[in-house]
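# Structural overview
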Amino acid sequence: MAEKEKITPEAETEKAPAEEKKEKKAKKGLPVAALVAIIIAGVLVLAAIGVVAFGLIQDSSATGAYAKGDYKAAYEASQSAFFMSAENKITIEKAYVTNVLVKEGKYFAAAELINKSAMSADEKKALFASDNNLALCQVGQIVKFAKCDQDGKAETAEDLEWIVLKVVKVDGRAYATLLSKEIVGCSDGWNKISGNTLYSQSNLHDWCNTDFYQKLNIANDQELIEKIVPIQVKTGNDTVEAYVYAPSKAEIENALKGELAQYVATISTKTARSEGAISNAYYVRDPGAVVDKHQQAAGFDKEGKYISDLIADSGSTGARVCITVDLGSVA
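Quick look at the structure, then. (Residues numbered from 1 in each chain as written. Predicted model: local features only at pLDDT ≥ 70, side-chain atom pairs only at ≥ 80, totals over all residues. Heavy atoms only, no water.)

## Concerning the packing of aromatic side chains
We apply this condition: Stacked, tilted and edge-to-face pairs are distinguished by plane angle, under 30 degrees for stacked and over 60 for edge-to-face with tilted covering the rest, among Phe, Tyr and Trp rings (Trp via its six-membered ring) whose centres lie within 6.5 Å. Only DSSP runs of H or I with at least four residues qualify as helices, and only runs of E with at least two residues qualify as strands; both kinds are numbered from the N terminus onward. Residue burial is assigned from relative accessible area. The probe radius is 1.4 Å, only protein chains are included, and a residue is buried under 20% of its type maximum, exposed over 50%, and partly exposed in between. By definition here, charges over rings are those cases where NZ of Lys or CZ of Arg is within 6 Å of the ring centre and within 35 degrees of the ring normal.
This model, assessed by the stated rule, comprises six aromatic pairs. Each ring, one from Tyr75 and one from Tyr96, has its centre 4.3 Å from the other, and the planes form 5°; the classification is stacked. Linking Tyr75 in helix H2 (residues 71-78) with Tyr96 in helix H3 (residues 86-101), this pair joins segments that are 21 residues apart in sequence. Assessed through its relative accessible area of 11%, Tyr96 is described here as buried. Grouping aromatic residues by their ring pairs yields a cluster made of Tyr282, Phe300 and Tyr306. Just above the ring of Tyr306 sits the side chain of Lys249; from NZ or CZ to the centre is 4.6 Å.

Set out below in structure tokens:
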């Protein structure tokens, strides 16, 4: 049997320098690693001190600017004032909204700031209620926009109240869709052509863009009227351009499901008048049932119940209308 190879003293002697070199290298490396770790820790400490110092400086800058009434500078500094209390930040945000953005007419930017703020729901509600133009930028708000009189007389025109149904941004501008809170008048219903099912050819469309729109032009200045922009109104496969249009069945039903239900479902009989008469229901632009070969308009009663065959009657059926308002630049 072959003998197991023995490690001779000479072999051990030969390995010793290599082991010794390795140990020296390891010992030499320890101070370098420790030094790097110390340097990194120092940098992190300095960075942290810098962040704290910067945050404190910004906190001081924001507070100082607010005290001087420079609310824009205060708001900008508050965005990086890491140690500022939430309460102080909210105070500065409110001042910036009311004293800068609203005064400069930047209502949409103001609305976006309010919505993303840590303000309470009541604080946000109060801010939106403080300015009608600001309220126009927030879905669910009740706003006053334009005047109208049933007889078309400017001297007796009254403020119209609207519900903000939708706010959208298109090509750098914001637009709000408004639904009249109450019934604002009465159309002859749907029948313009016997059996017609196109909203574009209905009496309802004509009434909205002649009778009612003319009353708006009589009672309001041109600058305000120009804020009402025409849109392409679609009803099924039918499309027509309109300044004023009847809401669709879907728009009313969607509103009834959400936070707007309290405003959409019930109509006050005191103000829901139709050419001087009390209206108990209002039309939508969707075609309703066919009765005696005539197309009837569909609509909702004052309790929010859908009716497919409303009969044109100035004493019982009226119209709620929608308009689209240009809110200006989103910047």
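What follows picks up the thread again.
## Side note on the sheet that holds strand S1 (residues 142-148)
Across a sheet, strands are paired by hydrogen bonds formed along the backbone, either parallel or antiparallel in direction. In plain terms, the rule: A pair of strands is labelled paired if DSSP reports no fewer than 2 bridges between them. Any two residues whose heavy atoms approach within 4.5 Å are treated as being in contact. Angles shown run from 0 to 180 degrees and are taken between the N-to-C directions of axes, each axis being a line fitted to C-alpha atoms and, for helices, limited to the stretch in contact.
What the five strands build is an open sheet, ordered S1-S2-S3-S13-S6; its pairing is antiparallel. The open sheet is flanked by S1 and strand S6 (244-245), the only strands paired with a single partner. Both S1 and strand S2 (residues 158-170) contribute to a ladder of five bridges, which runs antiparallel. Within S2, the residue paired with Cys148 across the bridge is Glu158. Where helix H7 (residues 203-219) meets the sheet, it contacts S1, S2 and S6, and its direction lies at approximately 90° from that of S1.

## Here's the deal with the layout of surface pockets
Which entries qualify depends on this criterion: Lining residues are defined by having an atom within 4 Å of a point belonging to a cavity or pocket. Those points lie on a 1 Å grid over the protein atoms alone, cavities being sets where a 1.4 Å probe fits but cannot get out and pockets being open sets with protein on both sides within 12 Å along at least five of seven lines. Grid points are joined across faces, edges and corners, and a volume is the space filled by probe spheres set on the points.
Considered as a void within the structure, the largest pocket measures approximately 320 Å³ in volume. If you go around the largest pocket, you meet 13 residues; those closest to its centre are Lys125, Val139, Gly140, Gln141 and Glu259. Of the residues forming the lining of the largest pocket, the biggest block, five residues, is contributed by helix H5 (residues 121-129).

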